[in-house]
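Structural characterization, general
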Amino acid sequence: MLAEIPSKFLNLAKRPELFDYMVKIRRSLHENPELGYEEFETSKLIRNELDKMGIPYKYPIAVTGVIGYIGTGNPPFVAIRADMDALAMQEAVEWEHKSKVPGKMHACGHDAHVAMLLGAAKMLQEYHSDLEGTIVLVFQPAEEGGGGAKRMRDAGILENVDAIFGLHVSTRYPVGAVATRSGPVLAGSGFFEAKISGKGGHAALPQHTIDPILASSNIIVSLQHLVSREADPLDSQVVTVAKFQGGHAFNVIPDSVTIGGTFRAFSKEHLMQLKHRIEEVVTLQAAVQRCNASVHFYADEKPFYPVTVNDKDLHKHFHKIAGHMLGGENIKEVQPIMGAEDFSFFAEAIPGYFYYLGMLNETEGQLESGHSPYFKVNEDALPYGAALQASLAATYLLEHHSPTTTPKGSFHDEL
Ligand SMILES: [Zn+2]
Ligand SMILES: [Zn+2]
């Protein structure tokens, strides 16, 4: 029955054919990382694999995105998602399958995410005639700041889809464990950049200048008060100035300074309040020191990420399925963090569920976390991710198909 599907998928995913298949895909992607909206070869590899499996798909969506369909082609529809993009950084790990592209690296594990979704697809396609509805495979571009999920969503890929599941590899939990929570799990996030303009001149004659360095310093201090003095201490928010650029010489006051950073909150209302106040504080505080300032929020290039909220009912579903597969003791509870994920664009539109997949191997020591040039994926985690995604989706259909539809063959006989 339903309770047996998760462990049967896990056994299937651990078989050498499927495990080796996922490892091969993952290593090939790792060697050829592509940045957001440039995942052309990645996308081609995915489509080739879907072709070989006989899975129909739509392409292109949001430049390089691919949407595959497994099952009856009829409702209910449930989606499982992987992101495809790499990061603009140099890999520092010396190994056989090191990135072949200088300055680009899969340092967030999205290569593993794609490999696991293809692994899940392979298993699900094998049992496609048993599916009580349709599983939608979502391969999305540009998770790392480009808002690929937003563009996929705006292209209508979630039409008629009832729920979506997403995962992220994590170096914090052991292989065979997952971590998650119900409700808000990651923050909403925005970026800003401000140019503070004064009047440059000799550093020894400040009276003839309008000093943008001092004005910017005061702006940064004032921005710190948005969270410490204006936000409810029990409501987590962040304003970080991460960029401060201006001046080249010891004895010259520059004409202008550019500062930039990010702001985070756990509700859209508070995120918008921060945006509004950042603009106000920057321009008004600049005026105190006779400077002019303009603030840019990059909302087109880097859309504000919504809060990632895990649906309550999907949380119950996840607990049941992951519990059957891994045992309840291997489902860890996470605290929300101020990081952001563009999976939130999907979860904002329909019930969504995002969880972390452990890949720590205690005997091999601590792994470097994501976005480190030393980041490594423990490939032993691949069967768990593939089996979880496949099981979550297949069992969701079993539980949600309309009773009027004729029951199909049952998984427990065949898996
Ligand atoms: Zn990342
Ligand atoms: Zn990531």
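Residues numbered from 1 in each chain as written. Chains lettered and ligands numbered in written order. Predicted model: local features only at pLDDT ≥ 70, side-chain atom pairs only at ≥ 80, totals over all residues.

Going by the annotation in an unreviewed UniProt entry, the name recorded for the chain is Peptidase M20 dimerisation domain-containing protein, with Rehmannia glutinosa given as the source organism.

**Here's the deal with the overall build of the chain**
The following threshold applies: Secondary structure elements are defined from DSSP: runs of H or I of at least 4 residues count as helices, runs of E of at least 2 residues count as strands, and each element is numbered from the N terminus. As a reference, a globule follows 2.2 Å times the number of residues to the power 0.38, and the radius of gyration itself is taken over C-alpha atoms. It is the C-beta atoms, placed from the backbone, that decide contacts: two residues are in contact if theirs lie within 7 Å.
Counting its regular elements, the chain contains 11 helices and 16 strands. Relative to the globule expectation of 22 Å for 415 residues, the C-alpha radius of gyration of the chain, 24 Å, shows essentially globular dimensions. By principal-axis analysis of the C-alpha atoms, the chain measures approximately 85 × 45 × 40 Å. In the chain, the share of contacts with a sequence separation of at least 24, taken over all contacts with a separation of at least 6, comes to 80%.

**Comments concerning the packing of helix α6 (residues 212–230) against helix α7 (residues 268–288)**
The criterion, for reference: To obtain an axis, a line is fitted to C-alpha atoms, over the contacting stretch when the element is a helix, and the angle between two such axes runs from 0 to 180 degrees between their N-to-C directions. The crossing is said to be left-handed when, going from far helix to near helix, the turn is anticlockwise and less than a right angle, and right-handed when the turn is clockwise. Classification convention: Asp, Glu, Lys, Arg as charged; Ala, Val, Leu, Ile, Met, Phe, Trp, Tyr, Cys, Pro as nonpolar; all other residues, Gly among them, as polar.
Taken N-terminus to C-terminus, the directions of α6 and α7 make an angle of 145 degrees; their axes are 9 Å apart at the nearest point. Relative to α7, α6 is oriented so that their crossing is right-handed. For the pair α6 and α7, the contacting residues are Ala215, Asn218, Ile219, Ser222, Leu223, Leu226 and Glu230 in the first and Leu274, Arg277, Ile278, Val281, Val282, Gln285, Ala286 and Val288 in the second. Each residue belonging to the contact of α6 with α7 can be placed in one class, and the counts come to 10 nonpolar, 3 polar and 2 charged.

**With respect to the UniProt feature "domain: Peptidase M20 dimerisation" (unreviewed entry) in the chain**
Rules: UniProt positions are given in the numbering used here, feature names are shortened, and annotations may be inferred rather than shown by experiment.
Per the UniProt record, the feature "domain: Peptidase M20 dimerisation" (unreviewed entry) sits at residues 188–283. Helix makes up 36% of residues 188–283 and strand 34%. Its end C-alpha atoms lie 24 Å apart.

**A look at the nonpolar core**
Which entries qualify depends on this criterion: Joining buried Ala, Val, Leu, Ile, Met, Phe, Trp, Tyr and Cys residues through C-beta atoms within 7 Å gives a set, and that set is a nonpolar core. The burial label depends on the number of other C-beta atoms within 10 Å of a residue's C-beta. Counts of 20 or more mean buried, 12 or fewer mean exposed, and intermediate counts mean partly exposed, with C-beta atoms placed from the backbone.
Of all hydrophobic cores here, the largest spans 110 residues; its most connected members are Val78, Val114, Leu117, Leu137 and Ala393. With 12 residues, helix α10 (residues 382–400) is the largest single contributor of residues to this core. Excluding residues that lie within four positions of it along the chain, Val114 makes contacts with Ile25, Leu29, Thr42, Ile46, Ala82, Met84 and Phe139. Counting 6 residues, the second largest nonpolar core, distinct from the first, contains Ala86, Leu87, Ala107 and Phe375.

**Topic: the sheet that holds strand β12 (residues 256–265)**
Through backbone hydrogen bonds, the strands of a sheet pair up, either in parallel or in antiparallel fashion. Note the threshold: One requirement defines pairing of two strands: DSSP has to find at least two bridges between them.
Read from one edge to the other, the open sheet built from 4 strands follows the order β10-β12-β8-β13, with strand pairing classed as antiparallel. Either end of the sheet is taken by a strand with one partner, and the two such strands are β10 (237–245) and β13 (292–296). The mean inter-strand angle of the sheet, taken between neighbouring strand axes irrespective of direction, is 20 degrees. Of the pairings in the sheet, the one linking strand β8 (residues 188–197) to β13 comprises 5 bridges and is antiparallel in character. Of the residues in β13, the one forming a bridge with Glu193 is His296. Here α6 sits on the sheet and contacts β8, β10 and β12; the angle it forms with β10, its principal contact strand, is near 165 degrees. Those strands touched by α7 are β8, β10, β12 and β13, and its axis lies near 160 degrees from that of β13.

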